[in-house]
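Listed below, chain by chain, are the residues.
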Amino acid sequence: MRLSDAEQAMLDGQEGQAKARAMDLLLRYGEALGAERMVEVAHVAGTWSATTPFVQAGLKRPDDFDSIFSRFNLDSDAVVEVPRAVVPTCQLIHGIDTRNYAAQGFSDDQADLQRASERFFGSRGVQWNSTCTPYQVGQTPLRGDHLAWMESSAVVYANAVLGARTNVEGRESTGAASITGRIPYFGLHIPANRFATHLVRVEVPVESMMDWGLLGYALGEMVAEDIPVLEGITCKPEPEWLKHFGAAAASSGGVEMYHIPGLTPEADSVEEALGGQAPRVVHRYGAAERRRAWEALNGANTRDDVNFVMLGCPHNSAKQMWRIAELLEGKRLHDGVALWVHTPRQIRHLCDESGITEIIEAAGALVMSDSCPAINRMLPEGTEVIATDSCKQAHYLPAISGKPTWFGGLEHCIEAALTGRFRGRPE
Ligand code: F3S
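Remember, predicted model here, so these are calculated numbers, not experimental data.

### Some words on the sheet that holds strand β12 (residues 366-368)
Then comes step 1: Pairing is parallel across the open sheet formed by 5 strands, whose spatial order is β12-β11-β10-β13-β14. Each edge of the open sheet carries a strand with a single partner, namely β12 and β14 (405-407). Taken pair by pair, the neighbouring strands of this sheet meet at an average axis angle of 20°, ignoring direction.
Then comes step 2: Sheet topology places strand β13 (residues 386-388) next to β14; 3 bridges connect them, and they run parallel. What sits directly across from I386, in β14, is T405.

### Some thoughts on the nonpolar core
Then comes step 1: Counting 74 residues, the largest nonpolar core has L230, V309, L311, L328, L339 and I360 as its most contacted members.
Then comes step 2: Residue contributions to this core peak at 9 residues, all from helix α9 (residues 209-223).
Then comes step 3: If sequence neighbours within four positions are ignored, L328 has contacts with L333, L339, I360, A363, A365, I414 and L418.
Then comes step 4: In this structure, I68, V87, L113 and A176 belong to the second largest nonpolar core, which totals 33 residues.

### Things to note about the site of the ligand
Then comes step 1: Every residue close to the ligand is listed here: I93, C132, E151, S153, G312, C313, P314, C372, A374, I375, K392 and Q393.
Then comes step 2: Secondary structure elements with two or more residues in the shell around the ligand: α16 (373-376) and α17 (391-401).
Then comes step 3: Here the shell around the ligand spans two domains, since at least three of its residues come from each of domain 1 (5-189) and domain 3 (300-419).

### Section: the environment of G312
Then comes step 1: Relative to the helices and strands, G312 resides in the loop between β10 (308-311) and α13 (318-328).
Then comes step 2: Assessed through its relative accessible area of 2%, G312 is described here as buried.
Then comes step 3: The spacing of G312 and S369 is 57 residues in sequence and 9.7 Å in space, taken between C-alpha atoms.

### Focus: the domain arrangement of the protein chain
Then comes step 1: Assigned domains of the protein chain: these are domain 1 (5-189), domain 2 (195-296) and domain 3 (300-419).
Then comes step 2: Taking the mean C-alpha position of each, domain 1 and domain 3 sit 28 Å from one another.
Then comes step 3: Domain 1 puts 24 residues into the contact, and the matching count from domain 3 is 24 residues.
Then comes step 4: Between domain 1 and domain 3, a total of about 2,000 Å² is buried, with carbon and sulfur atoms accounting for 50% of that surface.
Then comes step 5: Three residues stand out in domain 1 for area buried against domain 3, namely I93, R99 and Q104, and they jointly supply 26% of the buried area on that side.
Then comes step 6: Viewed at the interface, domain 3 and domain 1 are joined by 4 salt bridges.

### Examining the pairing of strand β2 (residues 43-46)
Within a regular strand, side chains alternate between the sheet's two faces.
Then comes step 1: Neither face of β2 is open: one carries H43 and A45, the other V44 and G46, and all of them are buried.
Then comes step 2: Across 3 bridges, β2 lies against strand β3 (residues 89-91) in parallel orientation. From the neighbouring strand, G46 faces β3, where its bridge partner is Q91.

### Remarks on helix α8 (residues 171-180)
Then comes step 1: Across the 10 residues that make up α8, a large majority, 9, are buried.
Then comes step 2: Those residues of α8 lying buried are R171, S173, T174, G175, A176, A177, S178, I179 and T180.
Then comes step 3: Phi turns positive, to about 75°, at G181, one or two residues after α8.

### Some words on the sheet that holds strand β9 (residues 281-285)
Then comes step 1: On the basis of which strands lie adjacent, the open sheet formed by 3 strands has the order β8-β7-β9 and parallel pairing. Every interior strand has two partners, whereas the edge strands, β8 (228-231) and β9, have only one. Neighbour to neighbour, the strand axes of the sheet diverge by 25° on average, direction disregarded.
Then comes step 2: Pairing of strand β7 (residues 198-202) with β8, which is carried by 4 bridges, proceeds in the parallel orientation. Bridge pairing links R201 to E231 in β8.

### Side note on the packing of aromatic side chains
Then comes step 1: Within the structure shown, the criterion is met by 11 aromatic pairs.
Then comes step 2: Ring geometry for F65 against F121: centres 5.9 Å apart, planes inclined by 65°, an arrangement best described as edge-to-face. Of this pair, F65 sits in helix α4 (residues 65-73) while F121 sits in helix α6 (residues 108-122), placing them 56 residues apart in sequence. Like F121, F65 is buried.
Then comes step 3: Ring centres 5.0 Å apart and planes at 85° place the aromatic pair F120 and F121 in the edge-to-face group.
Then comes step 4: By way of ring pairs, the aromatic residues F65, F69, F120 and F121 are connected into one cluster.
Then comes step 5: Residue placement shows R124 over the ring face of F120; its charged tip is 4.2 Å from the ring centre.

Calculation criteria
Residues numbered from 1 in each chain as written. Predicted model: local features only at pLDDT ≥ 70, side-chain atom pairs only at ≥ 80, totals over all residues. Heavy atoms only, no water. Pairing = 2+ DSSP bridges. Helix = DSSP H or I, 4+ residues; strand = E, 2+ residues; numbered from the N terminus. Axes fitted to C-alpha atoms, helices over the stretch in contact; angles between N-to-C directions. Core = buried A, V, L, I, M, F, W, Y, C linked by side-chain atoms within 4.5 Å. Buried < 20%, exposed > 50% of the residue type's maximum accessible area, 1.4 Å probe, protein only. Contact = heavy atoms within 4.5 Å. Near = heavy atom within 4 Å. Domains from an automatic or database assignment. Buried area = accessible area lost by both parts, 1.4 Å probe. Salt bridge = Lys/Arg side-chain N within 4 Å of Asp/Glu carboxyl O. Phe/Tyr/Trp six-rings, centres within 6.5 Å; stacked < 30°, edge-to-face > 60°. Lys NZ or Arg CZ within 6 Å of the ring centre and 35° of its normal.

Given below as structure tokens:
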């Protein structure tokens, strides 16, 4: 790789050992990928948490944050002092809800450790958004910005909906990027790699969050890690539907980028999305494909006696929180059913201040932040059958927990929470 003078100076240790280790890591990473140079990043979203499960498993002294950063963010056996981030940097989701940790099965000590790690890394410039949806809480890049983001649902939203540029990064590369301001220039940073290769003809109406989830789930199965352009969408989606759509496509496949001409910012026509080339593959999404996506998520389920409902994957927006409050107002959860409603901590604060948390929790539900069951692998005690309005969560939870998991619309899930029965099967 060619390094600039400033990058070479960092590598040579002129700005301290941490940056030297970070630049060395990025150089090795870039060379393995065949990158020719670095690119300056406008924003970093990664993880510095001390309570992420794999960090917990690998630590001897959990309160030594320099050692956590050296080992888990820089892949360095030598312990270096953590410098300040040089670009705007935020924490994504992590392992523990600092308010409702007991319901997740964590101890007071673990919550204290998490708070201490937030104070430590916060003092180094890491903003504790603690969500997989940083773009919902002020961390919203501009079109063309180069980013170093982890978290597949955030990456596909940043690339496709916002027109920013990022690959799916890891804890190490985002840690190194935060203190150097650089990431290897490869993959989706390069304009020529952002064209579609697959055309998907959508032949059924896609008019709700559930519809967009199923389309995304089918799309991931169709194109895997390639870039699709979709035609035939007639309904203008809400941002939350695109959030679910991308998360679903990044779960069943590895979709990091897509185009919907007239909606997403990088192509106004199918031809432009394809970069003037013919599509390598043409797919159709009709009633049969929609049904297959539903069956892939729900087909193995036999029991409908749900006793845990999870809402908010990716984390709920303020608008979604209000809708959930409207559906729960004045009602009570069915005996023995738990309902966890996940949202970024900033939106939880907003909900606390505006009475939305009170409405949701008066029904017997919990408003959760910072985490989710697929990440921390914590479910309410006694969970037997799960329902969720998220394809992504429904994709991962059966494998993680061994529990049958229903995917359905929000109303189906709230009904399950209130009655203990999932009745969201399509007609
Ligand atoms: Fe976010 Fe967890 Fe879903 S990280 S996207 S709520 S799996």
